[in-house]
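Chain residues, written in single-letter form:
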Amino acid sequence: ARQCVDDIEDAKNRRRKAFSDCLDVVGDHLSTFYAELTKSDRHALGGSASLSPVDTDEPYLGGLAFHATPPSKKFCDIAQLSGGERTLASLALLFALHADANLNFFLLDEVDANLDAANILKLANFLLSRCANNNLQVVAVSHKDQLYNSADLLIGIAKDSTTSRAFTLDLAIRFPSDDENED
């Protein structure tokens, strides 16, 4: 019986350590990505974001507290943030969760809907840097030109009188990168 109790306690300790190690990695990425998504000329360091277990004894059972504080704002519950602020926090968390998974493809559907033009540009720059540095491809559905102007390729759907047609526009060919212009 004592061996069984010891085995259960050992399993709980291993699970706690594995969970805490993972949470530390995700939390570090979250902090970095949120700061990157929220920095600006006025706020060079960006905002801060964190994850913390609700139950510290058994963190895998009680859920997580997710906090995001945009630049120049006081610490508050995430529910009190604007839709755009919550969007940036959620995207930072999404990318943090997948940062070490070596995923090379994301499909984002109108994630820019609640963002103003300045934050869409921050998101576009963040995505471009992630794509350039991590061999990442992003398909983003958007109705906002601030995001799709940063794309390499546009795919559109247009309806004529009876059918819908797909079309593409390769922006990499139309607007070569600076590296290609130097040749």
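Provided above is the structure to which this section pertains.
Residues numbered from 1 in each chain as written. Predicted model: local features only at pLDDT ≥ 70, side-chain atom pairs only at ≥ 80, totals over all residues. Heavy atoms only, no water.

Engineer: Summarise the overall build of the chain; cite the residues concerned and give the values.
Structural biologist: Along its length, the chain carries seven helices and six strands. A globule of 183 residues ought to have a C-alpha radius of gyration of about 16 Å, yet the chain, at 21 Å, is considerably larger. In the chain, which comprises 183 residues, the share counted as buried stands at 28%. Look at the contacts in the chain between residues 6 or more apart in sequence, and 50% of them connect residues 24 or more apart. If you sum the accessible surface of the chain, you get close to 12100 Å²; carbon and sulfur atoms cover 52% of it. (Helix = DSSP H or I, 4+ residues; strand = E, 2+ residues; numbered from the N terminus. Rg over C-alpha atoms; globule rule 2.2 N^0.38 Å. Buried < 20%, exposed > 50% of the residue type's maximum accessible area, 1.4 Å probe, protein only. Contact = heavy atoms within 4.5 Å. Areas by Shrake-Rupley, 256 points an atom, 1.4 Å probe, with all protein chains shown as cover.)

Engineer: I'd like to hear about a nonpolar patch on the surface, residue by residue, with values.
Structural biologist: A cluster of nonpolar side chains, namely F105, L107, V139 and V141, defines an oily patch on the protein surface of about 350 Å² accessible area. When contributions to the nonpolar patch are tallied by element, the ones reaching two or more residues are β3 (105–109) and β4 (137–141). A relative accessible area of 46% places F105 in the partly exposed class. (Patch = residues over 30% accessible without salt bridge, like charges linked within 9 Å, V, L, I, M, F, W, Y side chains within 5 Å. Salt bridge = Lys/Arg side-chain N within 4 Å of Asp/Glu carboxyl O.)

Engineer: So what's going on with the packing of helix α1 (residues 2–38) against helix α3 (residues 83–98)? Residues and values would help.
Structural biologist: Running from N to C, α1 and α3 cross one another at 140°; their axes reach a closest spacing of 8 Å. Taken together, α1 and α3 sit at an angle that is classed as oblique. Every pair of crossing elements has a handedness; the one defined by α1 and α3 is right-handed. Where α1 approaches α3, its residues V26, H29, L30, F33, Y34, L37 and T38 are matched on the opposing element by L88, A89, L91, A92, L93, F95, A96 and L97. When its residues are assigned to classes, the contact of α1 with α3 shows 13 nonpolar, two polar and no charged. (Axes fitted to C-alpha atoms, helices over the stretch in contact; angles between N-to-C directions. Parallel < 35°, antiparallel > 145°, perpendicular 65-115°, else oblique. Left-handed = near helix turned anticlockwise from the far one by under 90°. Nonpolar A, V, L, I, M, F, W, Y, C, P; charged D, E, K, R; others polar.)

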